[in-house]
Amino acid sequence: MQVFRQVADIQTQEMLQLPIPALHCGKPTTISAPCSAELKQIVQGLVARAEALRSGSVDPRVDNMLLITSDGRKAALDLRLMNPSMPDHPTSKVNLALEQVFNLWRETTEKRSAQLVFSDLSTPTSGKGFSVYEDMRDKLVRLGVPLEEIAFIQDFDADNAKLALFRAVRAGKVRVFFGSTQKMGSGTNVQERLVALHHLDAPWRPADVEQREGRILRQGNTNAEVHVFRYVTEASFDAYMWQTLETKARFIAQVMTGASNLRRIEDVDGAALTYAEVKAIASGNPLVVEKANLDAEVARLSRLEGQHREAQFRLRHRLRAESDDLPRLYRRLEALRKDVAVREDTRGDRFVFHLDGETLRDRGVVGELLNRRADRIRVSVLPSTG
């Protein structure tokens, strides 16, 4: 980062103090949904799958940590993604989000304010299976929200169709806008009437969170204060993922702002949790989660200790091998000191070059003359081909 800062001027949103709306209560609002008995049973099943993988009794081509993580994220969002026959709990995070969306829709009817709902999982299926998007849309319609005021970004593929949709959101015609980070992130300029943003799930990278929230915390929003909601199901995968995202974002912010002398940051592209992390999530005990993190840190530091010992050995070996070279290096150092003593400053207008009794001050002319002389010398020393 020190090398990067020599050629780059980093300006974060906090540094620029751009005229963007303020967050309600100064920070995102976290809404926690209780863990149901069915979800606890599913998470315990995921632990059993992870144990089978660790013991080697399951072929990774049949089941692996990526599949386990994906199933855990789906279960944390809505149990019906695992099994459509599962109950629709009134206190699930999808229903808690639905309540917030409807209340804000009703309260801002006069201003025609709009809301964004982000979910990277369970996108529309056109009736071919359960979808959180379609479930929330149908419930909002039953509560009295006009169908034409609800839109899914996935229904608009062509660029001109998307632009028309964005205009409708800015005009207050579409007031509840669903989408994923990939499709509704960068380039979605609909901030004019946005009053709230809802995270139904946790993305993998802090940059994805920034892209989502950058849709509403943006210049041009006419609302002085806005809401950002993050929905978390207790003792589930997304509770752990939001915690991990916060840790990653803190590292990145410290590096980018130069607020710390950190020498490393964590990888931000992980797509699967480890066995220990799955066990920690299943326990629901924050101390177990902390222990999993500490175990990983101890293992990392142990590897660094081994690398340090190896580096020390290599350096000692190199020092012994090169000790005989010291006299030559001292002679080289003395020669360089003599060169420095007789050097002349040729910067700017002080450039002077003497060639064939002629004094030249134009760098371009000197370069061309030197190139010509080098070409003549090159030709004169080439072996004859006759």
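So, here is what we can say about the structure in this document. Source: prediction; values computed, not measured.

**As for the overall build of the protein chain**
Part 1 of the argument: For the protein chain, the count of helices and strands is 14 helices and 9 strands.
Part 2 of the argument: Sequence separation of 24 or more characterises 71% of the internal contacts of the protein chain that already satisfy a separation of 6 or more.
Part 3 of the argument: Summed over its atoms, the accessible surface of the protein chain is roughly 23700 Å², and 53% of this surface lies on carbon and sulfur atoms.

**Thoughts on the side chain of Lys93**
Part 1 of the argument: Summarising the element assignment, Lys93 is placed in helix 5 (residues 93-107).
Part 2 of the argument: Lys93 sits in the buried class, given a relative accessible area of 1%.
Part 3 of the argument: Beyond its immediate chain neighbours, meaning those up to four positions away, Lys93 contacts Ala33, Ala76, Leu77, Leu200, Asp201, Tyr231, Val232, Thr233 and Asp238.

**Here's the deal with the pattern of salt bridges**
Part 1 of the argument: Summed over the entire model, instances satisfying the criterion amount to 23 salt bridges.
Part 2 of the argument: Here Arg205 and Asp208 are joined by a salt bridge, their closest N and O atoms 3.0 Å apart.
Part 3 of the argument: Assessed through its relative accessible area of 36%, Arg205 is described here as partly exposed.
Part 4 of the argument: Taken together, the shared-partner salt bridges connect Asp78, Arg80, Asp88, Asp135 and Lys139 into one network.

**Overview of helix 9 (residues 206-213)**
Side chains of residues three or four places apart in an α-helix project in the same direction, reflecting 3.6 residues per turn.
Part 1 of the argument: Every buried residue of helix 9 is accounted for by Pro206, Asp208, Val209, Arg212 and Glu213. Seen along its axis, helix 9 keeps its buried residues to an arc of 160 degrees; they face one direction.

**Let's talk about the packing of aromatic side chains**
Part 1 of the argument: Per the counting criterion, the structure on display carries 6 aromatic pairs.
Part 2 of the argument: Look at Phe102 and Trp105: their rings are 5.8 Å apart centre to centre, the planes differ by 25 degrees, and that puts the pair in the stacked class. Here Phe102 pairs with Trp105, and both are found in helix 5, just 3 residues apart, close to one helical turn. Residue Phe102 shares its accessibility class with Trp105, and that shared class is buried.

**Description of a nonpolar patch on the surface**
Part 1 of the argument: Together, Leu326, Leu329, Tyr330 and Leu333 give the surface a local cluster of nonpolar side chains, amounting to about 390 Å² of exposed area.
Part 2 of the argument: Classification of Leu326 as partly exposed rests on a relative accessible area of 40%.

**Some remarks on the nonpolar core**
Part 1 of the argument: In terms of nonpolar packing, the biggest core is built from 27 residues, with Met136, Leu140, Ile150, Val176, Phe178 and Leu200 touching the most fellow members.
Part 2 of the argument: Beyond its immediate sequence surroundings of up to four residues, Leu140 is in contact with Leu98, Val101, Phe102, Val145, Ile150, Val176 and Phe178.

**Overview of the pairing of strand 5 (residues 176-179)**
Part 1 of the argument: Side-chain alternation along strand 5 places Val176 and Phe178 on one buried face and Phe177 and Gly179 on a second face that is also buried.
Part 2 of the argument: Alignment of strand 3 (residues 114-118) against strand 5, held across 4 bridges, turns out to be parallel. Of the residues in strand 5, the one forming a bridge with Leu116 is Phe177.
Part 3 of the argument: Summarising the sheet, strand 4 (residues 150-152) and strand 5 pair through 3 bridges and their orientation is parallel. In the sheet register, Ala151 faces strand 5, and the bridge partner there is Phe177.
Part 4 of the argument: Considered for its hand, the β-α-β crossover made up of strand 4, helix 7 (residues 159-170) and strand 5 is right-handed.

**Regarding the packing of helix 5 against helix 6 (residues 132-143)**
Part 1 of the argument: In the contact formed by helix 5 and helix 6, the axes pass within 10 Å of each other and the chain directions differ by 45 degrees. By the angle between their directions, the pair helix 5 and helix 6 is classed as oblique. Here the hand of the crossing between helix 5 and helix 6 comes out right-handed. Two secondary-structure elements touch here, helix 5 through Val94, Asn95, Ala97, Leu98, Val101 and Phe102 and helix 6 through Val132, Asp135, Met136, Lys139, Leu140 and Leu143.
Part 2 of the argument: The residue inventory of the contact of helix 5 with helix 6, partitioned by class, reads 9 nonpolar, 1 polar and 2 charged.

**Points about unusual backbone geometry**
When glycine is set aside, most residues are seen to have a negative phi, and most peptide bonds are trans.
Part 1 of the argument: Phi angles above zero are rare outside glycine, and Cys25 is one such case at about 65 degrees.
Part 2 of the argument: For Cys25, the position within the fold is in the loop between strand 1 (22-23) and strand 2 (29-33).
Part 3 of the argument: Not every positive phi belongs to a glycine, and Ala235 is a case in point at roughly 55 degrees.
Part 4 of the argument: For Ala235, a relative accessible area of 29% puts it in the partly exposed group.

**Section: the packing of helix 3 (residues 37-55) against helix 4 (residues 65-77)**
Part 1 of the argument: Put simply, helix 3 and helix 4 touch, their axes get as near as 10 Å, and they point 175 degrees apart. Considered as vectors, helix 3 and helix 4 are oriented roughly antiparallel to each other. Two secondary-structure elements touch here, helix 3 through Leu39, Ile42, Leu46, Arg49, Ala50 and Leu53 and helix 4 through Met65, Leu67, Ile68, Asp71, Gly72, Ala75 and Ala76.
Part 2 of the argument: Partitioned by chemical class, the residues of the contact of helix 3 with helix 4 number 10 nonpolar, 1 polar and 2 charged.

**Side note on the side chain of Asp63**
Part 1 of the argument: Position of Asp63 relative to the elements: it lies in the loop between helix 3 and helix 4.
Part 2 of the argument: Among the residues examined, Asp63 registers a relative accessible area of 11% and is labelled buried.
Part 3 of the argument: Among the polar contacts made by the side chain of Asp63, one reaches the side chain of Arg49 at a distance of 2.8 Å.
Part 4 of the argument: The contacts of Asp63, once residues within four sequence positions are left out, are Arg49, Leu53, Val58 and Ile68.

**Focus on the pairing of strand 3**
Part 1 of the argument: Burial of strand 3 is extensive: 5 of the 5 residues sit out of reach of the surface.
Part 2 of the argument: With burial as the criterion, each face of strand 3 is covered, one bearing Ala114, Leu116 and Phe118 and the other bearing Gln115 and Val117.
Part 3 of the argument: With 5 bridges joining them, strand 3 and strand 6 (residues 194-199) adopt parallel strand pairing. Counterpart to Leu116 in the pairing with strand 6 is Leu197.

Calculation rules
The residue numbering used here restarts from 1 in each chain and proceeds along that chain's sequence as written. Residue-level local features of this predicted model are given only where pLDDT is at least 70; pairs of side-chain atoms are given and counted only at 80 or more, and the full residue set underlies all totals for whole chains, interfaces and linings. Excluding hydrogens and water, the side-chain figures rest on all heavy atoms present in the structure. A run of DSSP states H or I qualifies as a helix once it reaches four residues; a run of E qualifies as a strand once it reaches two. Both are numbered from the N-terminal end. Every residue pair with non-hydrogen atoms within 4.5 Å of one another is taken to be in contact. Only the protein chains shown count as covering a residue, and every accessible area follows the Shrake-Rupley method with a 1.4 Å probe. Categorising residues by exposure relies on relative accessible area from a 1.4 Å probe, with only protein chains included: less than 20% of the type maximum marks a residue as buried, more than 50% marks it as exposed, and the intermediate range marks it as partly exposed. Whenever Lys or Arg places a side-chain nitrogen within 4 Å of a carboxyl oxygen from Asp or Glu, that contact is recorded as a salt bridge. An arc is given here, and it is the one of the directions from the helix axis to the C-beta atoms. The rule is short: rings of Phe, Tyr and Trp, with Trp giving its six-membered ring, pair when the centres are within 6.5 Å, and they are stacked under 30 degrees, edge-to-face over 60, tilted in between. Two joining distances apply to patches: 9 Å for like charges and 5 Å for nonpolar side chains (Val, Leu, Ile, Met, Phe, Trp, Tyr), and every residue must have over 30% relative accessible area and no salt bridge. Definition of nonpolar core: a set of buried residues of the types Ala, Val, Leu, Ile, Met, Phe, Trp, Tyr and Cys, connected through side-chain atoms within 4.5 Å. Any two strands with at least two DSSP bridges between them are considered paired. Every crossover in which the path from the first strand over the helix to the second runs clockwise, viewed with the strands pointing away from the viewer, is termed right-handed. Axis lines are fitted to C-alpha atoms, over the contacting stretch for helices. Their N-to-C directions set the angle, which ranges from 0 to 180 degrees. Each angle gets one of four labels, with under 35 degrees taken as roughly parallel, over 145 as roughly antiparallel, 65 to 115 as roughly perpendicular, and the rest as oblique. If you view the pair so one helix is near and one far, a crossing is left-handed when the near helix is turned anticlockwise from the far one by less than a right angle, and right-handed when it is turned clockwise. Gly is placed with the polar residues, together with every amino acid not listed as nonpolar (Ala, Val, Leu, Ile, Met, Phe, Trp, Tyr, Cys and Pro) or charged (Asp, Glu, Lys and Arg). Polar contact is defined as a pair of N or O atoms within 3.5 Å, subject to the rule that within protein one atom must be able to donate a hydrogen and the other to accept it, and that residues adjacent in sequence are counted only when both atoms are side-chain atoms.

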